[in-house]
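# Analysis of the macromolecular model
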Amino acid sequence: MSIRLGYGTNGLTDLRLDDALALLADLGYEGVGLTLDHMHLDPLAPGLGERTAAVARRLGELGLDVTVETGARYVLDPRRKHGPSLLDPDPRARARRTELLVTAVRVAADLGAHAVHCFSGITPAGLDDDTAWKLLGEALEPVLDAASQSGVPLAIEPEPGHLLATLADFHRLRAQLGDPEPLGLTLDIGHCQCLEPLPPAECVRAAAPWLRHVQIEDMRRGVHEHLPFGDGEIDFPPVLAALDATGYRGLTVVELPRHSHAGPEQARRSMEFLRPLGTGAASPLKGVQP
């Protein structure tokens with residue numbers, strides 16, 4: 001198989017970015033899912049261009065590829081998790097999220113990233129479904145324009161509890177916007193286990209034409225909790241085989257944002273679990289509780 005593994009910096013928030021990148025390179029990861037946040041390449045602080053150039057140089061020195069992720073919890077609002085979203089009733093607030101995503105696209109282009117990840121956000125109370133979808137499409141238009149100009153695709157993630165929660169919702173947005181070329185999909189394997197009607201391997205096959213980014217972790221049916229490998233219910237060999245068969249060659253990024261307190265150890269154990277599966281061998285951690 002040719003699965004290219006990365007690890008998300010949102011699971012390494014107790015480390016300086018340079019230390020996190022060095023750790024991942026030492027562990028054998030081929031890339032990093034870089035969440036733009038106050039501790040890791042703050043998108044709102046001065047000197048973003050110079051700091052981005054320094055990160056690009058370091059990625060090159062370490063031989064790491066990168067995708068840019070935008071799921072930082074409090075980067076725009078210190079009191080509202082993921083606020084404001086693309087669905088915020090206040091147009092000025094929505095514009096702040098759109099502006100952040102446009103900035104992320106520009107950072108991604110400067111880093112040579114293969115995609116920019118985003119999600120819709122939760123539908124605010126009192127906002128009807130049709131209006132929410134309209135607001136989402138309008139808020140994404142400048143981001144898709146920037147993605148088209150930069151050549152870096154936007155990969156929106158179906159997120160449990162959000163307006164855009166499933167693969168069917170992704171296709172609704174794609175059709176609503178006229179199937180724009182820069183719009184792709186972030187497929188989270190755990191989310192497939194959590195709520196999709198198809199098994200995760202079937203989700204991979206169904207999503208193949210639109211895959212631009214992949215996140216991976218263990219999960220249980222009906223429970224949106226990102227788990228270390230072996231703690232959930234996913235049968236990973238068929239998933240990785242299906243992913244390999246699609247021809248997707250972007251990063252497959254381990255997503256354990258709630259395990260940052262043990263980030264270095266989780267990064268090591270995740271690699272030890274996944275690497276043998278990518279070569280067809282039995283995983284040394286199969287069934288072991290991290």
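Description of the structure in this document. Worth saying up front: this structure is predicted, and the values here are computed from it rather than measured.

## Here we look at the packing of aromatic side chains
One pass over the full model with this rule turns up five aromatic pairs. Plain terms: the ring middles of Tyr7 and Tyr29 are 5.7 Å apart, the flat faces sit at 70 degrees to each other, and that makes the pair edge-to-face. Placement of the pair is Tyr7 in strand β1 (residues 4–8) and Tyr29 in the loop between α1 (17–27) and β2 (31–35), with a sequence separation of 22 residues. On the basis of relative accessibility, which here comes to 4%, the residue Tyr29 falls in the buried class. These aromatic residues form a ring-pair network of at least three members: Phe229, Phe236 and Phe273.

## Observations regarding the nonpolar core
Within the largest apolar cluster, 79 residues are counted, with the highest numbers of intra-cluster contacts made by Tyr29, Leu41, Leu111, Leu136, Leu140, Leu187 and Ile189. For this core, the element with the highest residue contribution is helix α4 (residues 129–150), accounting for nine residues. The residues touching Tyr29, leaving out its near neighbours within four places in the chain, are Leu5, Gly6, Tyr7, Leu24, Leu64, Val254, Ala267, Ser270 and Met271.

## Digging into the side chain of Glu159
When you line up the elements, Glu159 lands in the loop between β5 (154–156) and α5 (167–176). Although Glu159 is buried, it forms no salt bridge, and the closest oppositely charged side chain is Lys81 at an N-O distance of 7.6 Å. Ignoring any residue separated from it by four or fewer positions in sequence, one finds Glu159 in contact with Phe119, Leu164, Ala165, His191 and His224.

## A word on the layout of surface pockets
If a probe as big as a water molecule is rolled over the atoms, it shows which places are left empty. By volume, the largest pocket is sized at about 750 Å³. For the largest pocket, the lining is made up of 37 residues, of which Gly71, Arg73, Lys81, His82 and Phe119 are closest to its centre. Sorting elements by how many residues they give to the lining of the largest pocket places strand β9 (residues 223–227) first, with three residues. Within the lining of the largest pocket, the residues separate by chemical class into eight nonpolar, 17 polar and twelve charged.

## Let's talk about empty space enclosed by the protein
For the structure on display, the rule yields two cavities of 30 Å³ or more. Considered as a void within the structure, the largest cavity measures approximately 50 Å³ in volume. Around the largest cavity sit Thr70, His82, Ser85, Leu86, Arg97, Leu101, Cys118, Phe119 and Ser120, which together line it. Its residues assigned to classes, the lining of the largest cavity comprises four nonpolar, four polar and one charged.

## Some thoughts on α4
Taking 1.5 Å per residue, 22 residues should reach 32 Å; α4 reaches 32 Å between its end C-alpha atoms and fits that length. Along α4, the largest kink reaches about 35 degrees and is centred on Glu141; proline Pro142 follows within four residues of it. Taken together, the buried positions of α4 are Ala132, Trp133, Leu135, Leu136, Gly137, Ala139, Leu140, Val143, Leu144, Ala146 and Ala147. Tucked into the core, α4 has its buried residues touching α3 (91–111), β4 (116–118), β5, α5 and β6 (183–188). Between the side-chain oxygen at the start of α4 and the backbone nitrogen of Asp130 there is a gap of 3.2 Å, and the oxygen is on Asp128.

## Observations concerning helix α8 (residues 236–246)
Those residues of α8 that sit buried are Phe236, Val239, Leu240, Ala242 and Leu243. Here the buried residues of α8 occupy an arc of 160 degrees about the axis, which is enough to place them on one side. Packed against the buried residues of α8 are α6 (189–195), α7 (200–207), β7 (211–216), β8 (218–220), β10 (251–254) and α9 (263–278). Of the residues trailing α8, Gly247 is marked for its positive phi of about 85 degrees.

## Concerning the state of the cysteines
Scanning the entire structure with this criterion turns up zero disulfides. Between Cys192, a cysteine without a disulfide, and Cys203, which holds the nearest cysteine sulfur, the sulfur-to-sulfur distance is 3.8 Å.

## A word on the pattern of salt bridges
Applying the stated criterion across every chain, the model contains 16 salt bridges. Ionic pairing is found between Arg172 and Asp129, a salt bridge with its closest N-O pair at 3.3 Å. Of this pair, Arg172 sits in helix α5 while Asp129 sits in helix α4, placing them 43 residues apart in sequence. For Arg172, a relative accessible area of 35% gives the class partly exposed. Judged by relative accessible area, Asp129 falls into the partly exposed class, the value being 40%. Glu265 serves as the salt-bridge partner of Arg268, at 2.4 Å between the closest nitrogen and oxygen.

Thresholds applied
Residues numbered from 1 in each chain as written. Predicted model: local features only at pLDDT ≥ 70, side-chain atom pairs only at ≥ 80, totals over all residues. Heavy atoms only, no water. Phe/Tyr/Trp six-rings, centres within 6.5 Å; stacked < 30°, edge-to-face > 60°. Helix = DSSP H or I, 4+ residues; strand = E, 2+ residues; numbered from the N terminus. Buried < 20%, exposed > 50% of the residue type's maximum accessible area, 1.4 Å probe, protein only. Core = buried A, V, L, I, M, F, W, Y, C linked by side-chain atoms within 4.5 Å. Contact = heavy atoms within 4.5 Å. Lys, Arg positive; Asp, Glu negative; His and termini not counted. Salt bridge = Lys/Arg side-chain N within 4 Å of Asp/Glu carboxyl O. 1 Å grid on protein atoms, 1.4 Å probe; cavity = no way out; pocket = protein on both sides within 12 Å on 5 of 7 lines; lining within 4 Å. Points joined across faces, edges and corners; volume = space filled by probe spheres on them. Nonpolar A, V, L, I, M, F, W, Y, C, P; charged D, E, K, R; others polar. Expected span 1.5 Å × (residues − 1). Bend = angle between axes of the 7 residues up to and from the residue. Polar contact = N/O pair within 3.5 Å; in protein donor to acceptor, adjacent residues only side chain to side chain. Arc of directions from axis to C-beta. Disulfide = S-S within 2.5 Å.

These results come straight from atomic positions and should not be treated as a statement about function.
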